[in-house]
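Structural overview for review
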Amino acid sequence: MPEQPFEPDRAIAGTGAGGAMDLAASEAQTLEQYPSAASGGRAPGGPLGTGPAAKPRSLWSDAWRDLRRNPVFLVSALVILFLVVISLWPSLIASGSPLKCDLAKAQEGSQPGAPFGYDGQGCNVYTRTVYGARTSVTVGVCATLGVALLGSVLGGLAGFFGGFWDSVLSRITDVFFAIPVVLGGLVLLSVVTSNTVWPVIGFMVLLGWPQISRIARGSVITAKQNDYVQAARALGASNSRILLRHIAPNAVAPVIVVATIALGTYIALEATLSYLGVGLKPPSVSWGIDISAASPYIRNAPHALLWPSGALALTVLAFIMLGDAVRDALDPKLR
């Protein structure tokens, strides 16, 4: 058989399966410079592969990718973004003062300038509903941050060090779990005369941290048994470095999920306490106060009760849906 002439623009590359394939000279040069491209890695200008050279995705990047594709997360995030905007700048969509009332217009229905009508005191229901979002969002966000911070610190330290302090914290959390939240609010807030949101927030933090603490404790106990923690300890890493650099980033996901869902619960709790007369008090503007004031006029002016109740239900539902979406994205067992 005559010898085939050598073609410099062709090359032979093994397939790794006992065969060979023809490659152009430029392709062979690419494989020589970037061998990971042949095994599914990333070559310059090429797609991301699955080979050993490909950069592994973290839990957070995978969670964000799933959240962007989840319509429940997108809808709830848009609703929450709208609530935050009107909480910061309510005058963008509502003119006038929520405290301005006219008894001559009491219980009147929808009309120009008052699309939601007027309540029993002649106040614009639309304006009060818009301004009431500021109170609910402020209470929910501040209470959630306080509960998450206090509960995570106490539960994380107890789970990491264990021993005597872990036992003490566990008994303290059992005591707080035995206190009914609404009954505790009636007792503790009934002696408060302040009209600000801070006593209500402080009460929620006081009774809400044990739940986050118990979750953080269990998450830290699970994380500190992993091999990378034992390796860091064997290399001489200090307790603070192990806790902050290795355990906390891998144990914070359950806390975020529970705190996100609890945010909606705190908003509903503030409205409940205000409805009962021990939370926020007039002249503060709150959905709970408006619902309480409109209850006696439900037959003659149901619109005064409908709109603040609907806004409260929509807000709580948005935060619960957001928490469910975050839970599904951060739970590896659901993948």
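All of the points below concern the structure found in this document. The shown structure was predicted, so the numbers you read here are calculated from the model rather than taken from an experiment.

Some remarks on the packing of aromatic side chains
Counting across every chain of the model gives 6 aromatic pairs. Taken together, a centroid distance of 3.8 Å and an interplanar angle of 5° make the contact between F116 and W307 stacked. Here W307 lies in helix α12 (residues 303–330) and F116 lies in the loop between α3 (71–88) and α4 (125–161), a separation of 191 residues in the sequence. Residue F116 is classed as buried on the basis of its relative accessible area of 17%. Centre to centre, the rings of F164 and W165 are 5.2 Å apart; their planes meet at 70°, and the pair counts as edge-to-face. For the residue pair F164 and W165, the accessibility class agrees, reading exposed in each case. Grouping aromatic residues by their ring pairs yields a cluster made of F116, Y126 and W307.

Remarks on empty space enclosed by the protein
To find the voids left in a structure, one rolls a probe of water-molecule size over its atoms. In this structure the tally under the stated criterion is 1 cavity of 30 Å³ or more. Approximately 40 Å³ is the volume found for the largest cavity. Lining of the largest cavity is provided by L189, V192, S194, T196, P199, V200, V278, G279 and K281. Its residues assigned to classes, the lining of the largest cavity shows 5 nonpolar, 3 polar and 1 charged.

Some thoughts on the nonpolar core
Ranked by internal contacts, the top residues of the largest apolar core, which has 35 residues, are I267, L312 and L330. For this core, the secondary-structure elements that each account for two or more residues are α2 (59–68), α3, α4, α10 (253–276), α11 (287–294) and α12. Sequence-distant contacts of I267, defined by excluding residues within four places in its chain, comprise S136, G140, L312, T315, V316 and F319. Counting residues in hydrophobic clusters, the runner-up holds 22 residues, among them V147, V200, M204 and L207.

Some thoughts on the state of the cysteines
By definition, a disulfide links the sulfur atoms of two cysteine residues through a covalent bond. A complete count under the given rule lists 1 disulfide for this structure. Residue pairing for C101: its cysteine sulfur links by disulfide to C123, the two sulfurs lying 1.7 Å apart. Sign of the S-S torsion, about 80° for the bond between C101 and C123, identifies this disulfide as right-handed. With C101 in the loop between α3 and α4 and C123 in the loop between α3 and α4, the pair connects residues that are 22 residues apart, well separated along the chain. C101 sits in the partly exposed class, given a relative accessible area of 38%.

Conventions adopted
- Residues numbered from 1 in each chain as written.
- Predicted model: local features only at pLDDT ≥ 70, side-chain atom pairs only at ≥ 80, totals over all residues.
- Heavy atoms only, no water.
- Phe/Tyr/Trp six-rings, centres within 6.5 Å; stacked < 30°, edge-to-face > 60°.
- Helix = DSSP H or I, 4+ residues; strand = E, 2+ residues; numbered from the N terminus.
- Buried < 20%, exposed > 50% of the residue type's maximum accessible area, 1.4 Å probe, protein only.
- 1 Å grid on protein atoms, 1.4 Å probe; cavity = no way out; pocket = protein on both sides within 12 Å on 5 of 7 lines; lining within 4 Å.
- Points joined across faces, edges and corners; volume = space filled by probe spheres on them.
- Nonpolar A, V, L, I, M, F, W, Y, C, P; charged D, E, K, R; others polar.
- Core = buried A, V, L, I, M, F, W, Y, C linked by side-chain atoms within 4.5 Å.
- Contact = heavy atoms within 4.5 Å.
- Disulfide = S-S within 2.5 Å.

This is a description of form; function is not addressed.
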